[in-house]
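Summary of structural features
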Amino acid sequence: MSNVDHRRKAPVRPLLSEVEYLEATRAPSTRREYANDVRLYIEAGGSIPATVDQIVDYVTAIGSRLAVATIERRLVSIHVGHLDQGYQSPVSDARVKQVMKGVRRSVGVAQRRVGAIEKDILLELWSVAAKRKPVWAARTIALLATGWGGAFRRSELVGLTWDCVTWLDSGMELLLRSSKVDQAGAGFVKFIPNAYGDRCPVKALRHWQEISGLTDGPIFRAVGQNESIGNRALSTHAVAKIIKQLIESSGRDPALFSGHSLRAGFVTAGILAGVQSHVIAMVSGHKGATLEKYVRIGKRRQIPSLL
């Protein structure tokens, strides 16, 4: 008899460095934000490792022209940049904290809130897009409907591929392989139900697949002037640009809306319709205080006139 061991051996995975494992704990969009923030800091004359004086000077230079939330995010990026390279971070120094305290008191901490694309606006944008060339219109309507119906972030939308879609009799499920709510990559599934009539996200996505002939690869791609379909996924910037163009065509100020407006519109509509917060969160992936902001907005709008 043969002594050969026929048991299947586990594939040998390449060993990763500590830095590579640390990088793997962050979503790709987060890594890009960190890298961009560090780049801007370096271009402004900073360095890693940095001194406390350098960080204080940097905060002072940008304190009057950037939102507090943006400054705080840049400090987090610089802090992480130090740790990733094995340096002690000066960002946590008491002097930096004091300067940031002064910035908050001087500038204020109110964040700019983009306009939500609520249902009426969504349907209006849908109509505007439908008047364009058929391939561009089909792609764009599917983008709007899916983005709104699933409360997607732009980075999640452009990351969708056709093998992420499961068609159901009651609607469709879309698998997110990576998102801010699932950075471990376990997979987060969003369900979008069928809607009555023609204004249905499920029908819109099916129509885009039929007219494009696509069955694999990125779902949302560029469409050229000659109606040619690109091979690559749209960028997050392109999604925001498409939304702003439609907003402007509808007669509204595009400066008041962004790529986040689809997601904000779904959550706002859900709150105003009386849908419970935990049900909305099952779609949006919101946690804690962020969703509560929308709840407060919804309750505020339900206050009756006392006149």
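Cut-offs used in this document
- In every chain, residue numbers begin from 1 and rise along the written sequence.
- Where local features are concerned, this predicted model is filtered to residues with pLDDT of at least 70; where side-chain atom pairs are given and counted, the filter is 80 or more; whole-chain, interface and lining totals use all residues.
- Only hydrogens and water are removed before side-chain values are computed, so all heavy atoms of the structure are retained for them.
- Paired strands, in this sense, are two strands between which DSSP finds at least two bridges.
- Strands are runs of DSSP state E lasting at least 2 residues, helices are runs of H or I lasting at least 4, and numbering of each runs from the N terminus.
- Interaxial angles span 0 to 180 degrees and are taken between N-to-C directions of axes, which are lines fitted to C-alpha atoms, for helices over the stretch in contact.
- The salt bridge definition used is simple: a Lys or Arg side-chain nitrogen within 4 Å of an Asp or Glu carboxyl oxygen.
- Buried residues are those whose accessible area, probed at 1.4 Å on protein chains only, stays under 20% of the maximum for their type, while exposed residues exceed 50% and partly exposed ones sit between those limits.
- Each residue carries a pLDDT value, the predictor's own confidence for that position, ranging from 0 to 100.
- In what follows, a contact means two residues having at least one pair of non-hydrogen atoms within 4.5 Å.
- Two aromatic rings, drawn from Phe, Tyr or Trp (for Trp, its six-membered ring), form a pair once their centres lie within 6.5 Å of each other, and the interplanar angle then sorts them: stacked below 30 degrees, edge-to-face above 60, tilted otherwise.
- To estimate how far a helix should reach, multiply one less than its number of residues by 1.5 Å.
- The directions considered for the arc are those from the helix axis to the C-beta atoms.
- By the criterion applied in these results, polar contacts are pairs of N or O atoms within 3.5 Å in which, for protein atoms, one can donate a hydrogen and the other can accept it, and in which residues neighboring in sequence qualify only through two side-chain atoms.

1. Observations concerning the sheet that holds strand β1 (residues 165–168)
Strands sit in the order β1-β2-β3 across an open sheet of three strands; the sheet is antiparallel. Among the strands making up the open sheet, the edge pair consists of β1 and β3 (188–193). Strand-to-strand, the axes of this sheet are offset by a mean angle of 20°, without reference to chain direction. Across six bridges, the pairing between strand β2 (residues 171–176) and β3 is antiparallel. The partner of L174 across the bridge, within β3, is K190.

2. Some words on the pairing of strand β5 (residues 229–233)
Of the pairings in the sheet, the one linking strand β4 (residues 221–223) to β5 comprises two bridges and is antiparallel in character. When the bridges of β5 are listed, V223 appears paired with I229. The turn joining β4 and β5, which pair antiparallel and follow one another in sequence, is formed by five residues; a positive phi near 70° is taken by E227.

3. Concerning the pattern of salt bridges
Two side chains bearing opposite charge may form a pair once their charged atoms approach each other closely. Taken as a whole and assessed by the stated rule, the structure comprises six salt bridges. Between D37 and R73 there is a salt bridge, with the nearest N and O atoms lying 2.8 Å from each other. Of this pair, D37 sits in helix α2 (residues 28–43) while R73 sits in helix α4 (residues 68–84), and the two are 36 residues apart along the sequence. Classification of D37 by relative accessible area gives buried; the value is 1%. The class for R73 is partly exposed, based on a relative accessible area of 34%. Note that R104 and E72 form a salt bridge whose closest N and O atoms lie 2.9 Å from each other. Of this pair, R104 sits in helix α5 (residues 94–107) while E72 is found in helix α4, placing the two residues 32 residues apart along the sequence. Among the residues examined, E72 registers a relative accessible area of 30% and is labelled partly exposed.

4. Quick look at the confidence of the model for the protein chain
Of all residues in the protein chain, 79% attain a pLDDT of 70 or more, and the chain-wide mean is 82. Here residues 10–21 scores under 50 on pLDDT; set against residues more than four positions off or in separate chains, the count is two contacts.

5. Topic: the packing of aromatic side chains
Counting across every chain of the model gives two aromatic pairs. Arranged with centres 5.1 Å apart and planes meeting at 75°, the rings of Y41 and Y58 form a pair that is edge-to-face. In this pair, Y41 sits in helix α2 while Y58 sits in helix α3 (residues 52–62), placing the two residues 17 residues apart along the sequence. Comparing Y41 with Y58 shows no difference in burial state: the two are buried.

6. Description of helix α6 (residues 119–130)
Here α6 is 12 residues long and its end C-alpha atoms lie 16 Å apart, about the 16 Å a rise of 1.5 Å per residue gives. All of the buried residues along α6 are I121, L122, L125, W126, V128 and A129. Angularly, the buried residues of α6 cover 165° about the axis, an arc narrow enough to put them on a single face. Exposed side chains of α6 directed beyond 90 degrees from the buried face belong to K119 and D120. Residues of α6 that are buried make contact with α7 (134–149), α9 (201–212), α10 (236–249) and α11 (261–272).

7. Details of the side chain of R153
Locating R153 in the fold gives a position in the loop between α7 and α8 (154–158). Taking the relative accessible area as the measure of exposure, R153 reaches 17% and is therefore buried. A polar contact of 2.8 Å, which involves the side chain of R153, links it to the side chain of E156.

8. As for helix α12 (residues 277–284)
Among the residues of α12, those classed as buried are I280, A281, V283 and S284. Down the axis, α12 shows its buried residues gathered within 160° of arc, on one side only. G285 lies just past α12 and shows a positive phi near 80°.

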